[in-house]
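Letter by letter, the chains look like this.
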Amino acid sequence: MNRLRPVPAVVVLVAVWLVAGGTGSGRADTWSEFGPVREEAPAAGDEVREAFFAFLLDRSAAGQDGRWTGADVEEFAAGAGLESRFPLDLLVSVTRRPPGAAEVARYRGAKVLAHWDLELTQALDRPMPYDILGYHPGSLRTSRRLELVELAAGDPELRFKDGKRSRTVRFRDVRVFAVVKGYLVLDADGFVDALLGSALDDAWTVGLVTGWEGDRRIGLGVSLGRKGRRIYGEFDFVTDRVLPHGRPAVSALSAWCRQWLDPDRGQTPPPWQGMED
């Protein structure tokens, strides 16, 4: 079944960054510290093992507005037999409400569904709770309060390059969660940074993405590096882990979603600014 554990769940999708680089529209680097690795897709199915992810996706799918406390999420987790990697005792509240008129006007080409507010007891700076290729690559930093705008982006059919081959992929029910206030940041660990070199970068999250690729639920973090490098990463909800490969199909989805995640258009805050000490 699914599993609740501490930093509310949206935070971990930052860990979903992985290393892609470039525009996100071509083939991503496929790497490990030992050389090339086999491309891996997420497991099939709609199971969500992480309790907070399950809670958010459940409310999103139902189109349910409201305000919930950490205790409410714990009760949901217990009823579903779930666990979490995050300390729900630090979660003050999660609120989903209708969007404002300015938000509807800001995100052309997608249906603006809701505005989310997540409030914690304090800003956090903790080790990233997921490993990538056996390493815990750094710390997750998050502001005390986060605000996201939820968009229904549709069912895109995207063309991408897989080596020298041109291919297409169809995604359905793509939801984009633009981070419009606060910050979610991965600070890369110095040791791992030295080991992996240019493959690793600090990552400022501009948005989170969910959707379906055939019978697989997609989880995606869309980020920017310190010098504006485009970074994305994929998460497997069924196995509750980061996928350590850059799939070109997901790179194409990341690039497509950036039309609603552009700081230069005022869709998300300027990166690397306003972080609390």
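It should be emphasised that the depicted structure is a prediction, and the values quoted were computed from it without experimental measurement. (Residues numbered from 1 in each chain as written. Predicted model: local features only at pLDDT ≥ 70, side-chain atom pairs only at ≥ 80, totals over all residues. Heavy atoms only, no water.)

Draft legend 1. A look at helix α1 (residues 51–62). Compared with an ideal rise of 1.5 Å per residue, which puts 12 residues at 16 Å, α1 spans 16 Å between its outermost C-alpha atoms and is within 8% of the ideal. Most of α1 sits out of view: nine of its 12 residues are buried. All of the buried residues along α1 are A51, F52, F53, A54, F55, L56, L57, R59 and S60. The distance from a side-chain oxygen at the start of α1 to the backbone nitrogen of F52 is 3.0 Å, and the residue carrying that oxygen is E50. Remark: G63 follows α1 within two positions and exhibits a positive phi of approximately 65 degrees. (Helix = DSSP H or I, 4+ residues; strand = E, 2+ residues; numbered from the N terminus. Expected span 1.5 Å × (residues − 1). Buried < 20%, exposed > 50% of the residue type's maximum accessible area, 1.4 Å probe, protein only. Polar contact = N/O pair within 3.5 Å; in protein donor to acceptor, adjacent residues only side chain to side chain.)

Draft legend 2. Molecular detail of the packing of aromatic side chains. Using the criterion set out here, one finds nine aromatic pairs in the structure. Where F55 meets F76, the ring centres are 5.3 Å apart and the plane angle is 80 degrees; that geometry is what we call edge-to-face. Placement of the pair is F55 in helix α1 and F76 in helix α2 (residues 70–80), with a sequence separation of 21 residues. When the ring of F235 is compared with that of F237, the centres are 5.7 Å apart and the planes differ by 75 degrees; the resulting orientation is edge-to-face. You'll find F235 and F237 in the same group, each marked buried. Members of the aromatic cluster, joined through ring pairs, are F53, F235 and F237. Positioned above the aromatic ring of W68, the side-chain terminus of R59 is 5.1 Å from the ring centre. (Phe/Tyr/Trp six-rings, centres within 6.5 Å; stacked < 30°, edge-to-face > 60°. Lys NZ or Arg CZ within 6 Å of the ring centre and 35° of its normal.)

Draft legend 3. Broad picture of the pairing of strand β12 (residues 216–224). Where burial is concerned, most of β12 is hidden: eight out of the nine residues are buried. As paired elements, strand β11 (residues 203–213) and β12 share nine bridges and run antiparallel to each other. Within β12, the position partnered with V209 by the bridge is L220. As paired strands, β12 and strand β13 (residues 230–236) are joined by six bridges and run antiparallel to one another. Pairing of G221 across the sheet is with G233, part of β13. As consecutive antiparallel partners, β12 and β13 are separated by five residues, and within that stretch G228 has a phi angle of approximately 85 degrees, a positive value. (Pairing = 2+ DSSP bridges.)

Draft legend 4. Seen up close, unusual backbone geometry. For D173, which is not a glycine, the phi torsion comes out positive at approximately 50 degrees. The topology assignment puts D173 in strand β9 (residues 172–181). Looking at D173, the relative accessible area reads 38%, which means it is partly exposed. Backbone geometry at W272 places phi at a positive 65 degrees, although glycine is not the residue there. Mapped onto the fold, W272 is located in the segment after α5 (248–257).

Draft legend 5. Main features of the pattern of salt bridges. Enumeration over the complete set of coordinates arrives at 16 salt bridges. Across the salt bridge formed by R175 and E150, the nearest N and O atoms sit 2.8 Å from each other. Placement of R175 in strand β9 and of E150 in strand β6 (residues 145–154) is noted, with a sequence separation of 25 residues between them. Grouping residues by exposure puts R175 and E150 together as buried. In this structure, R175 and D173 form a salt bridge, with 3.4 Å as the shortest nitrogen-oxygen distance. (Salt bridge = Lys/Arg side-chain N within 4 Å of Asp/Glu carboxyl O.)

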